[in-house]
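Observations on the model geometry
Here is how the chains run, residue by residue.
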Amino acid sequence: MPLSKAADRPTSGAQATSIKNTNKWETRQLVTMALLCAIGVLLSFIEFPLIPGVTWLKYDASAMPAMVCGFAFGAGGGLAVGIAGAVIHGLLMADFSGAVMNILVVIGFVVPAAVIYNHGRTFPRAIAGLVVSVICAVLMAIVGNLIITPSWLGVPLDAVIAMILPILVPFNLLKGVINAVLTLAIYKSISNLITPRKKQVKGR
């Protein structure tokens, strides 16, 4: 069947130039995500213990850039940054079990807060989301330790269970709270720079 005459006519220069690129924010988002991922990888090498006498559990702020990205671009963007950073760190350190553990914690930390905040984008929602995320991250860390630590590191399951309340819960709770506070501080200061203007809300 022949095309209609309207379809046969070439598009005029005025019509052609009136078409605008609608992907400019998407390109900016990818660049921002790549930058946040790089920052997260760098932060993953800055470690220090939080609990006296438990030097093998060290804090790093690598999950914070992923959470900032989750606030700005949604749970998918935050997960992409967090998981990519965990994989890169695992490859550089040849630490497969650590990478899997970090991915589990990132999922627990990023997804709840990003979903809750992006449904309203208000400060109370950000606080509520981060509270839920800290709890979920602690639970994911416990599950990861129960599965990964005995399987890959050879630590007896009974020993891992014995560490849950006195060591794992306090460490991961403190780690989550620090990351949540850093997220609020950093996102508040840079949100207008990384969030597309068409999605910005005044005062947020």
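These numbers were taken from a predicted model, which means no experiment stands behind them. (Residues numbered from 1 in each chain as written. Predicted model: local features only at pLDDT ≥ 70, side-chain atom pairs only at ≥ 80, totals over all residues. Heavy atoms only, no water.)

**So, the overall build of the protein chain**
- Assigned secondary structure in the protein chain consists of 8 helices and 2 strands.
- Counted from the first residue to the last, the protein chain has its helices and strands arranged as α-α-α-β-β-α-α-α-α-α.
- Within the protein chain, contacts between residues separated by at least 24 positions form 68% of all contacts whose residues are at least 6 apart in sequence.
- When the accessible surface of the protein chain is totalled, it reaches about 11,600 Å², and 70% of it is carbon and sulfur. (Helix = DSSP H or I, 4+ residues; strand = E, 2+ residues; numbered from the N terminus. Contact = heavy atoms within 4.5 Å. Areas by Shrake-Rupley, 256 points an atom, 1.4 Å probe, with all protein chains shown as cover.)

**Some remarks on the packing of aromatic side chains**
- On inspection of all chains with the given rule, the structure shows 5 aromatic pairs.
- For the pair Tyr117 and Tyr187, a centre-to-centre distance of 5.9 Å together with 85° between the ring planes defines the contact as edge-to-face. Placement of Tyr117 in helix H6 (residues 96-118) and of Tyr187 in helix H8 (residues 157-194) is noted, with a sequence separation of 70 residues between them.
- In textbook terms, an aromatic cluster arises when at least three aromatic residues are bridged by ring pairs, as seen for Phe71, Tyr117 and Tyr187. (Phe/Tyr/Trp six-rings, centres within 6.5 Å; stacked < 30°, edge-to-face > 60°.)

**Focus: the environment of Ile39**
- Looking at the element boundaries, Ile39 is found in helix H3 (residues 24-43).
- Classification of Ile39 as partly exposed rests on a relative accessible area of 35%.
- For the pair Ile39 and Val81, spaced 42 residues apart in the sequence, the C-alpha separation amounts to 9.9 Å. (Buried < 20%, exposed > 50% of the residue type's maximum accessible area, 1.4 Å probe, protein only.)

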